[in-house]
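# Working through the structure, step by step
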Amino acid sequence: MNKLTINNLDLFYGENHALKDISLNIPNRKVTALIGPSGCGKSTLLRTLNRMNDLVENVKITGDVHFDGEDIYQQSDVKALRKRVGMVFQKANPFPMSIFENVAFGLKAQGVKSTEEIKAVVEESLRSAALWDEVKDRLDSDAFGLSGGQQQRLCIARAIAMEPEVILMDEPTSALDPIATHKIEELMDELRKKFTIVIVTHSMNQAKRIADKTAFFWMGELVEHGETDQIFNNPIDTRTQGYVSGEFG
Amino acid sequence: MDSAMTTNTLKLPEKATKKRDWIETVFHLLFLGCAMVGVLSVATIAWFVFHEGLPAFQQAGISEIIFGREWLPPALFGIAPMIVASLISTLGAVIIGVPIAILTAVFLAELAPKWLANLVRPAVELLAGIPSVVYGFFGLVIIVPMIEVLFHIPAGNTILAGIIVLAIMILPTVITISETSLRALPSTYKEAALALGASHIYSIFRVLIPAARSGIYTGISLGVARAIGETMAIIMVMGNAPAMPGSLLEPARTLTANIAMEMSYATGIHASALYSTGIVLLVFIVLLNASLLYLNHKRSH
Ligand SMILES: Nc1ncnc2c1ncn2[C@@H]1O[C@H](COP(=O)(O)OP(=O)(O)OP(=O)(O)O)[C@@H](O)[C@H]1O
Ligand SMILES: [Mg+2]
């Protein structure tokens, strides 16, 4: 079962041809890793999946992205799409408000009023993000008081609270130390049971540890994709071989 | 020093270093001197106003001046009507002007298409440069007659006219500073909110404006300072009667107008009473700044 299918996707930032004829399937309830050297278009591809690129001026996109069979660029309700496709950013970016309000934000934006319901979802989301025990006594304190790793888990909780089907993660651990990284990777192992995860990472080891599928990009092209094992142990393309063996990056 | 080391090439840098140190010192003193100009000015102004104003307080009594409702120099020096007029006109200007200004700032920073923002922004900046006497004209020619027609009163020179003129005068300050602080926010706030499926407008009111609030407070307090200190335009449109106003549709005289209108001929205790009006004005400004500091302090904890 494919959650997302990308067909012949081309993306231009003005004159810059950032994504070249990408076709890729993202399987349901699996972790798909996007790897490749800096500037090859990984974040760009990720941001086409929840239409965050709509915010950039002069973007031109051709081809299509199907989400559960529906073309997301034909449907007009971007908010509904983003509710179903959550996103976690490279740098933890909690809102300048309390821990509780951060997690409750998405629900309140949807117009959910019931305090009971919001409270329940906040607790459940924080539990799923493995943060509940650390913050349950200070839900009303400022989110900026948390450590970097905790802030990133808070952002994951914030995304989970919307009960999305897909979670996009753009280098979610690149600003974290090994212990915080380990916690988030453990968390992703849990999350894959419920969510489809697409993660951009620069760490080969991270991709090997957590990803079921891996896709390797090179200068806007999708060079090779397949089972993570195959990409790392039996790459077909020489560029993939060079990259995963650490020869260049 | 070791003789092997004293070559020409090594001596030169030493000389240059000495010269550089000297220049450093001169610049330090220059910076310090410049910084002192501001501090000294504030100190001098405060000292003079207090020095000149205290005799009136001593002679008439603090409560007579601050709570007295009659201004009949050289007998009675009650400035309560002026205090009320200043506070009401400033408060009214804030109530009308600040929401308009914040919405304009949001429009410019977030919503307006580029060409429109490039049209509105210079207009707002121009508004900031217009001398207050010209605002006074505008008030006299447009606002005052409008009030006469709307409320069927013989003279439109009222507190309401002052409020409207002040509200317009504080717009550019509040708009410019609020827009700057909205633009200074990291784009991650907006992206995070939108990525959660929130609408643009919801993100603006729930995330962007709260995140920019310390900048917005600064803009508001500068606007308040401008409103409470404004003199010329107010004298032209507010009627200047030194009596306690009964409603917004009556004339009134602000603290600043009181000083400006009588200073040229006042002598003795009368002049001193005008300085004590200035003391009250200074106290308001200090309170304003203190409350801003407090708000920003509370925010950062
Ligand atoms: N908002 C934008 N406007 C214009 N060009 C952009 C924009 N974002 C990215 N690009 C360009 O698109 C190309 C791909 O960028 P992208 O951010 O997707 O790379 P990446 O693979 O995520 O790199 P990194 O690993 O460094 O994050 C680059 O050439 C970049 O300069
Ligand atoms: Mg990137």
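Before reading on, note that the structure itself is shown above.
Just so it is clear, the model here is predicted, and its values are computed rather than measured. (Residues numbered from 1 in each chain as written. Chains lettered and ligands numbered in written order. Predicted model: local features only at pLDDT ≥ 70, side-chain atom pairs only at ≥ 80, totals over all residues. Heavy atoms only, no water.)

When its secondary structure is counted, chain B shows 12 helices and two strands. Ordered by position from the N terminus, the helices and strands of chain B form the series α-α-β-β-α-α-α-α-α-α-α-α-α-α. Here the C-alpha radius of gyration of chain B, 26 Å, is well above what a compact globule of 301 residues would show, namely 19 Å. With respect to the three principal axes, the spread of C-alpha positions in chain B is 95 × 60 × 35 Å. Residue burial in chain B is summarised as follows: out of 301 residues, 39% are buried. When contacts within chain B are restricted to residue pairs at least 6 apart in sequence, those whose partners lie at least 24 apart make up 71%. (Helix = DSSP H or I, 4+ residues; strand = E, 2+ residues; numbered from the N terminus. Rg over C-alpha atoms; globule rule 2.2 N^0.38 Å. Buried < 20%, exposed > 50% of the residue type's maximum accessible area, 1.4 Å probe, protein only. Contact = heavy atoms within 4.5 Å.)

From N to C terminus, chain A includes 10 helices and 10 strands. By its C-alpha atoms, chain A is 55 × 40 × 35 Å across when sized along the principal axes. When each of the 249 residues of chain A is scored for burial, the buried share is 54%. Counting every atom, chain A has about 11,000 Å² of accessible surface; 46% of that belongs to carbon and sulfur. (Areas by Shrake-Rupley, 256 points an atom, 1.4 Å probe, with all protein chains shown as cover.)

This next bit is on the packing of helix H4 (residues 115-128) of chain A against helix H6 (residues 148-160) of chain A. Residue and element names in this part refer to chain A. Running from N to C, H4 and H6 point in directions that differ by 130°, and their axes come no closer than 8 Å. With respect to each other, H4 and H6 are oriented oblique. The handedness of the crossing between H4 and H6 comes out as right-handed. Contacts from Ser 125, Leu 126 and Ser 128 of H4 reach H6 at Leu 154, Ala 157 and Ile 160. Of the residues belonging to the contact of H4 with H6, the class tally is four nonpolar, two polar and no charged. (Axes fitted to C-alpha atoms, helices over the stretch in contact; angles between N-to-C directions. Parallel < 35°, antiparallel > 145°, perpendicular 65-115°, else oblique. Left-handed = near helix turned anticlockwise from the far one by under 90°. Nonpolar A, V, L, I, M, F, W, Y, C, P; charged D, E, K, R; others polar.)

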